[in-house]
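Structure at a glance
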Amino acid sequence: MKNSLVYYSVGALLYCPANHKTIASSITGERFGTKYSLALCLEDTIQDDCVKDAEQKMLDSLHTVYHAKQTGTGFFLPNIFVRVRCPEQISSLHGRAGDAKELITGYILPKFTPDNADAYLEAIREVNRVSSKTVYMMPILESPAIIHLQHRSSILYGLKEKLDSVEPYVLNIRVGGNDLCHMFGFRRHDNESIHSIRPVADIFSDIITVFGMDYVVSGPVWEYYGSAGWDTGLSKELSEDRLCGFTGKTVIHPKQIAPVNSAYQVPRADMEDAKAILNWNTDKASGTLVAGSSQGERMNEYKTHFHWAQKVLFLAEYYGVKD
């Protein structure tokens, strides 16, 4: 499992069209708070004939934020990611960003498949060769190819083998829940969880099985934000996200940020047990590696719960602890 806080710190990833006029003012004015990440999208949210204009507007926004930061204006600067359309955009945008490229945490790679993986990985290697800081990547597994059972496992393991060659640059693995639902003609309501849609949930399970032991995998987007039950439905799905092995979530409205952050806060009992497990004295004469929890409610076992305890501490450091 990942053993650095940076991989757990994407959190609520807010999607925004890259050509939105208020990007810079929203960041400098802390419109979205101080615990979120931002995805500037040049793909699905931008019309095909508007890409060049959207690129320039995005770069202008980044330069505005960069200069505001340089002048000493105090504001929270989120992790900023650019969702590109093709590998060639990565080198082009990184070069054209100039000094403002320091604001780019990484690039989101949509519809990541065996056909485009090598080109994307080479583009990430190239920008890291010329960058003074690590530039991360977050591939999205959402293509129709992974739906078919006959080829799914070989495709997923093949992609993992490719990503393992650039493992330090892979910040998160992301999943395209709506894209996968689209292939079947599915759409959940605000009182339904995507984890109840068995064909899609099975794909998620396979992704976690292949990638979850070595990478942080982020949860799928929740598309409701204004209906009567949007927050209750989101809370339910977040609970199932966590149970199924996801960390963090794609969001499409600022109102969704707080529920995501709250869902990943660590219960104090989990925090106390995690500390006890990680601080276990394995040299004790008794040699016992199992004991009751601090609350006397469950069993803690050093060998069985060690990785869980490590993850709990990373989540607590980023999201906080709740009673």
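The preceding data block contains the structure.
Notes on the structure follow. (Residues numbered from 1 in each chain as written. Predicted model: local features only at pLDDT ≥ 70, side-chain atom pairs only at ≥ 80, totals over all residues. Heavy atoms only, no water.)

1. Quick notes on the pairing of strand β2 (residues 37-41)
Of all five residues in β2, five are buried, a share of seventy percent or more. Of the two faces of β2, the one holding Ser 37, Ala 39 and Cys 41 and the one holding Leu 38 and Leu 40 are both buried throughout. Bridging between strand β1 (residues 12-17) and β2 involves five bridges; their strand directions are parallel. Note on β2: the bridge partner recorded for Leu 13 is Ser 37. After leaving β1, the chain enters helix α1 (residues 23-28) and then returns to the sheet as β2, a path that is right-handed. (Buried < 20%, exposed > 50% of the residue type's maximum accessible area, 1.4 Å probe, protein only. Helix = DSSP H or I, 4+ residues; strand = E, 2+ residues; numbered from the N terminus. Pairing = 2+ DSSP bridges. Right-handed = clockwise from strand over helix to strand, strands pointing away.)

2. Structural notes on the environment of Asp 118
Mapping Asp 118 onto the fold places it in helix α4 (residues 117-129). With a relative accessible area of 47%, Asp 118 lands in the partly exposed category. Separated by 137 residues in the primary sequence, Asp 118 and Lys 255 have C-alpha atoms spaced 37 Å apart.

3. Some thoughts on a nonpolar patch on the surface
On the surface, a nonpolar cluster with roughly 260 Å² of combined accessible area is contributed by Met 183, Phe 184 and Phe 186. Here Met 183 shows up in helix α6 (residues 177-184). Take Met 183: its relative accessible area is 42%, and that puts it in the partly exposed class. (Patch = residues over 30% accessible without salt bridge, like charges linked within 9 Å, V, L, I, M, F, W, Y side chains within 5 Å. Areas by Shrake-Rupley, 256 points an atom, 1.4 Å probe, with all protein chains shown as cover. Salt bridge = Lys/Arg side-chain N within 4 Å of Asp/Glu carboxyl O.)

4. Brief notes about the packing of α6 against helix α7 (residues 198-211)
Between α6 and α7, whose axes approach to 10 Å, the crossing angle comes to 135 degrees. Taken together, the axes of α6 and α7 lie oblique to each other. Here the hand of the crossing between α6 and α7 comes out right-handed. Contact residues: α6 offers Gly 177, Leu 180, Cys 181 and Phe 184, while α7 offers Pro 199, Val 200, Ile 203 and Phe 204. (Axes fitted to C-alpha atoms, helices over the stretch in contact; angles between N-to-C directions. Parallel < 35°, antiparallel > 145°, perpendicular 65-115°, else oblique. Left-handed = near helix turned anticlockwise from the far one by under 90°. Contact = heavy atoms within 4.5 Å.)

5. Regarding the pattern of salt bridges
One pass over the full model with this rule turns up 27 salt bridges. One salt bridge connects Arg 188 with Glu 237, and the closest N-O pair in it is separated by 2.9 Å. You can see Arg 188 sitting in the loop between α6 and α7 and its partner Glu 237 sitting in helix α8 (residues 230-244), a full 49 residues away along the chain. Exposure remark for Glu 237: the relative accessible area of 0% places this residue in the buried category. A network of salt bridges, in which partner residues are shared, links Glu 43, Asp 44, Arg 83, Lys 111, Glu 142 and Asp 179.

By themselves, these figures tell us nothing about what the structure is for.
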